[in-house]
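Here is how the chains run, residue by residue.
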Amino acid sequence: MIGPRVIAHRGCSGERPEHTRAAYERAIDQGADFIEPDLVMSRDGHMIVRHENEIGETTDVADHPVFAERRTRRDVDGTMIEGWFTEDFTLEELRTLKARERLPHLRPSSAAHDGENSILTFSEVVAIAEQGSQQTGRTIGVAPELKHPSHFAALGLDIEDAFLSEVQRLGLADAKDRLIVQCFEVGPLERLSGRISAPLLQLMDITGGPADRPDLSYEQMSTREGLEQIARYARMIGVNMRMVVPWDNGDHGMQPTSLISDAHAEGLDVVVWTLRAENVFLPREYRKGESPADHGDIDACLRTFYDLGIDALFCDFPAAAVKARLPRSH
């Protein structure tokens, strides 16, 4: 492998509906080093692969009259959300749903594949990675994110114990090159750090803070003192790309921050999220065309972050990320 690791964000989610077999297999074919499943819980305690526990946005649940009465409003980490929630469904019921594109207005070619794939479990994504490793001769890792652990714990669903049991069963607890465990909360990573030796990744955003630590902001966590605390339980930080290269009020990229060097000084790898090709997700200097859905110069944007010394990145378009890290010809 040349250069930083490429983590396929929810699979090749720029070209196929996210978190589907088609998205993961395409990401592996395009050269990704890791595939990423977001993990939420079913009512009967299974780890389901979805971006959020609200699934009206990413499945055809609204088209199933039998589930109409389960539409509800729920507080998830302090935000009221309306829709259908995985914790109200059994795994068997979730299996009857089909995945759909989350951003159809930006990705109509991906939306053309709506209804082709079922919802996956964590163990099924691990199996996809293992099959990909056998077929390609490369080691394909899995980078699961534990979503909303505190929310699920309050409902009597322990995602930490479910996850630990599953990685032990799958032989991944000590898999340093095949597993990266992510979470925006702090407590789950602190507890897992004493229970598995696979690398842990603390996620951070440009605003807000961990749902389980109302006394702490991500801004505080990204200081030298905060990074020193993170290094006690994690080996990586996963940060919004704008924490490395901030945007001004006109959406232009500004001078890079010291976050990469500060984190490296504490022995932490730096992973940035999420690189996407569409104009709406890019700094203005990389945009092309007039539409938010038009693809900008993702190659140049990727190279900017590689040149800054990041250790890995999440990307919706793994082929572009793999290509951009190749040595440049002169």
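Residues numbered from 1 in each chain as written. Predicted model: local features only at pLDDT ≥ 70, side-chain atom pairs only at ≥ 80, totals over all residues. Heavy atoms only, no water.

1. Structural notes on the overall build of the protein
The number of helices and strands found in the protein is 13 helices and 13 strands. Taking the principal axes of its C-alpha atoms as reference, the protein extends roughly 60 × 45 × 45 Å. Relative to all contacts within the protein whose residues are 6 or more apart in sequence, the contacts with residues 24 or more apart total 66%. On the protein, roughly 13900 Å² of surface is accessible, and the fraction owed to carbon and sulfur atoms is 47%. Computed over 36 positive and 55 negative side-chain charges, the inter-centroid distance for the protein is 3 Å. (Helix = DSSP H or I, 4+ residues; strand = E, 2+ residues; numbered from the N terminus. Contact = heavy atoms within 4.5 Å. Areas by Shrake-Rupley, 256 points an atom, 1.4 Å probe, with all protein chains shown as cover. Lys, Arg positive; Asp, Glu negative; His and termini not counted. Charge placed at Lys NZ, Arg CZ, Asp CG, Glu CD.)

2. What to know about the packing of helix H1 (residues 21-29) against helix H4 (residues 122-136)
Here H1 crosses H4 at 30°, and the two axes come no closer than 10 Å. Between H1 and H4, the crossing angle belongs to the class labelled roughly parallel. Crossing of H1 against H4: the hand is right-handed. Of the residues in H4, those touching H1 at Arg21, Tyr24, Glu25 and Ile28 are Val125, Ile128, Ala129, Gln131, Gly132 and Thr136. Split into classes, the residues belonging to the contact of H1 with H4 amount to five nonpolar, three polar and two charged. (Axes fitted to C-alpha atoms, helices over the stretch in contact; angles between N-to-C directions. Parallel < 35°, antiparallel > 145°, perpendicular 65-115°, else oblique. Left-handed = near helix turned anticlockwise from the far one by under 90°. Nonpolar A, V, L, I, M, F, W, Y, C, P; charged D, E, K, R; others polar.)

3. A closer look at the side chain of Arg107
With respect to the helices and strands, the residue Arg107 is situated in the loop between helix H2 (91-94) and helix H3 (108-111). Here Arg107 falls in the buried class, since its relative accessible area comes to 3%. Residues in contact with Arg107, not counting those within four places in the same chain, are Ser13, Gly14, Glu101, Arg276, Glu278, Phe281, Asp316 and Phe317. (Buried < 20%, exposed > 50% of the residue type's maximum accessible area, 1.4 Å probe, protein only.)

4. Let's talk about the pattern of salt bridges
Scanning all chains against the criterion turns up 27 salt bridges. Glu87 is the salt-bridge partner of Arg74, the closest N and O atoms lying 3.2 Å from each other. Within this pair, whereas Arg74 is found in strand S5 (residues 72-76), its partner Glu87 is found in the loop between strand S6 (79-83) and H2, the two being separated by 13 residues in sequence. Between Asp262 and Arg224 there is a salt bridge, and its shortest N-O distance comes to 3.8 Å. Residue Asp262 is located in helix H11 (residues 259-265), and its partner Arg224 is located in helix H9 (residues 224-230); the two are separated by 38 residues in the primary sequence. Of the residues examined, Arg224 reaches a relative accessible area of 38% and is grouped as partly exposed. (Salt bridge = Lys/Arg side-chain N within 4 Å of Asp/Glu carboxyl O.)

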